[in-house]
Amino acid sequence: MRDPVLKPKDIPPKLVERFQKMNSHQRGAYKNLLGNIPDGVCVLPGGPGAGKTFFNLTVAAALLWRDEVVNPGGDSPRASRNQILILLDINKPLTDIANKMHQLCLDMGLERKEADGTEMPGLVIRMFCWSYEMKSVRRGRLNAEREELLQRFSEADASKAKQAVDTLSPLSLYKADYDDSKRVEIHSFSKAFRKAKDSLLPNGDLKGREAPILDQAARMWYEKQKGTRYTDLLKLLDFNGAGSLIYLLEHEIGKVYSEVLQAADVIVTTPVTATKYLGRLTPPFNPALVIFEEAPHARELSTLIAIANFSPAA
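What you see as residue numbers is a count from 1 along each chain, following the sequence as written. pLDDT decides what is reported in this predicted model: residues at 70 or higher carry local features, side-chain atom pairs at 80 or more are listed and counted, and totals for whole chains, interfaces and linings draw on all residues regardless. Values shown for side chains rest on all heavy atoms present in the structure; no hydrogens or waters enter the calculation.

(A) Representation of the overall build of the protein chain. In terms of regular secondary structure, the protein chain is built from 13 helices and 10 strands. Remark: exposure states derive from per-residue accessible area (1.4 Å probe, protein chains only) relative to the maximum for the residue type, with buried under 20%, exposed over 50%, and partly exposed in between. Looking at the protein chain residue by residue over its 314 residues, the buried ones come to 46%. Considering only contacts within the protein chain whose residues lie at least 6 apart along the sequence, 71% involve residues at least 24 apart. The Shrake-Rupley method, run with a 1.4 Å probe sphere, supplies the accessible areas, and residue values consider only the shown protein chains as cover. For the protein chain, the accessible surface area stands at approximately 16,800 Å², while carbon and sulfur atoms represent 51% of it. Here a strand is any run of E in DSSP of at least two residues, a helix any run of H or I of at least four, and the numbering for each starts at the N terminus. Whether two residues touch is decided by their heavy atoms; if any such pair falls within 4.5 Å, the residues are in contact.

Shown next, in the form of structure tokens:
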């Protein structure tokens, strides 16, 4: 990565300022250690107040800004959308780290453009344990609910469409007893997803400067792209009769949750949560850098989770 002290051009002033505050040991580690980490695993020792978290977050910010990485054995940097995973086995300091990383991204003005042209800020997600109820539904039921939605909104008069009850509607024709299609797992996100809207400003940005939790990040992601990427969900949330389409509603909200996790720049969570859910995404969350904070406070097996489940450059 570029040296922000010797070559500050095009580097955000906030990031240059952090590098200028580094002591000689921290600068030496940045210049000499990061490019030569044996097997991609590095241990940074230091007592309380030594600046380990400051160093880690500064390196993370530099990697996000530069947006390139050289994998071990590589000849030159390749373009990359770097993602970072920060792990810690204690919740309170984990939230503090998430907030610091989020504020740093805001101060740097970190943002990117999505495929539809939407400008999105650097996304740091504080992810807690997965506590959403899970259920399964037949694919045939989901298809019937989607056809029902399309039929209702294909009417010329949308207001009448919302109230219409068609005896020959796709849902009325659906027979659960004869449906042997594949079962699909869905989570009950809708309640938390609706509530998360209260944490957003009218333009869809998050209120305050704390890192969003997953529900807030998903709602923010949806609000920014509801007119282009999530038109079916927009209809469902605006549909008075969505109660009859509850499986489709939960399924579409679930897509938002999966996609915001895949798109996140930084995810801050515990080792177990990272193992259980990030690796199950398709495509998976693939961090270029994994930081395990306060490793001595964790069980030995917890510290191996990142090595066993992810393949970062470091």
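(B) Up close: helix α2 (residues 24-33). Along α2, the residues that are buried comprise Gln26, Ala29 and Tyr30. Along the axis of α2, the buried positions cluster into a sector of 95°, meaning they face one direction only. In α2, the exposed residues that point more than 90 degrees away from the buried face are Ser24, His25 and Asn32. Here a polar contact means two N or O atoms within 3.5 Å. Within protein one must be a hydrogen donor candidate and the other an acceptor candidate, and residues neighboring in sequence count only if both atoms are side-chain atoms. For α2, the N-terminal capping position is held by Asn23, with its side-chain oxygen 3.1 Å away from the main-chain nitrogen of His25. Think of it as the arc spanned by the lines of direction from the helix axis to the C-beta atoms.

(C) Spotlight on the nonpolar core. Among buried residues, the Ala, Val, Leu, Ile, Met, Phe, Trp, Tyr and Cys ones that are joined through side-chain atoms within 4.5 Å form a nonpolar core. Within the largest apolar cluster, 51 residues are counted, with the highest numbers of intra-cluster contacts made by Leu85, Ile125, Met127, Leu214, Leu261 and Leu278. With 8 residues, helix α11 (residues 246-263) is the largest single contributor of residues to this core. Apart from the residues lying within four places of it in its own chain, the contact partners of Leu278 are Leu85, Met127, Leu261, Ile267, Thr273, Pro284, Phe285 and Phe310. Of all hydrophobic cores here, the second largest spans 33 residues; its members include Val16, Met22, Ala98 and Ala288.

(D) A look at the layout of surface pockets. The method works on a 1 Å grid over the protein atoms by themselves. A cavity is a set of points holding a 1.4 Å probe that cannot get out, a pocket is an open set with protein on both sides within 12 Å along at least five of seven lines, and residues with an atom within 4 Å of a point line them. Grid points are joined across faces, edges and corners, and a volume is the space filled by probe spheres set on the points. Approximately 990 Å³ is the volume attributed to the largest pocket. Considering the residues around the largest pocket, the lining is formed by 35 residues, among which Cys42, Val43, Leu44, Ile291 and Phe292 are closest to the centre. Elements with a contribution of two residues or more to the lining of the largest pocket: α3 (52-66), β10 (289-292) and α13 (300-309). Asp, Glu, Lys and Arg are counted as charged, while Ala, Val, Leu, Ile, Met, Phe, Trp, Tyr, Cys and Pro are counted as nonpolar; the rest, among them Gly, fall into the polar class. Here the lining of the largest pocket is built from residues that sort into 23 nonpolar, 8 polar and 4 charged.

(E) How the structure looks around a nonpolar patch on the surface. On the surface, Val41, Leu301, Leu304 and Ile307 cluster together into a nonpolar patch covering about 410 Å² of accessible area. Looking at the secondary structure, you find Leu301 in helix α13. On the accessibility criterion, Leu301 (67% relative accessible area) is exposed. Candidates for patches are residues over 30% relative accessible area with no salt bridge; among them, like charges are joined within 9 Å and nonpolar side chains (Val, Leu, Ile, Met, Phe, Trp, Tyr) within 5 Å. By salt bridge we mean one thing: a side-chain nitrogen of Lys or Arg within 4 Å of a carboxyl oxygen of Asp or Glu.

(F) Molecular detail of the packing of aromatic side chains. Pairing of aromatic side chains here covers Phe, Tyr and the six-membered ring of Trp, requires ring centres within 6.5 Å, and sorts the geometry by plane angle: under 30 degrees stacked, over 60 edge-to-face, intermediate tilted. Applying the stated criterion to the full structure yields 5 aromatic pairs. Between Phe193 and Tyr222, the ring centres sit 5.6 Å apart and the planes meet at 65°, which makes this aromatic pair edge-to-face. Taken together, the residues span a long stretch of sequence, with Phe193 in helix α8 (residues 190-195) and Tyr222 in helix α9 (residues 214-225) at a distance of 29 residues. Residues Phe193 and Tyr257 carry aromatic rings whose centres are separated by 6.2 Å and whose planes lie at 50° to one another, so their mutual orientation is tilted. Placement of the pair is Phe193 in helix α8 and Tyr257 in helix α11, with a sequence separation of 64 residues. Side by side, Phe193 and Tyr257 carry an identical accessibility label, which is buried.

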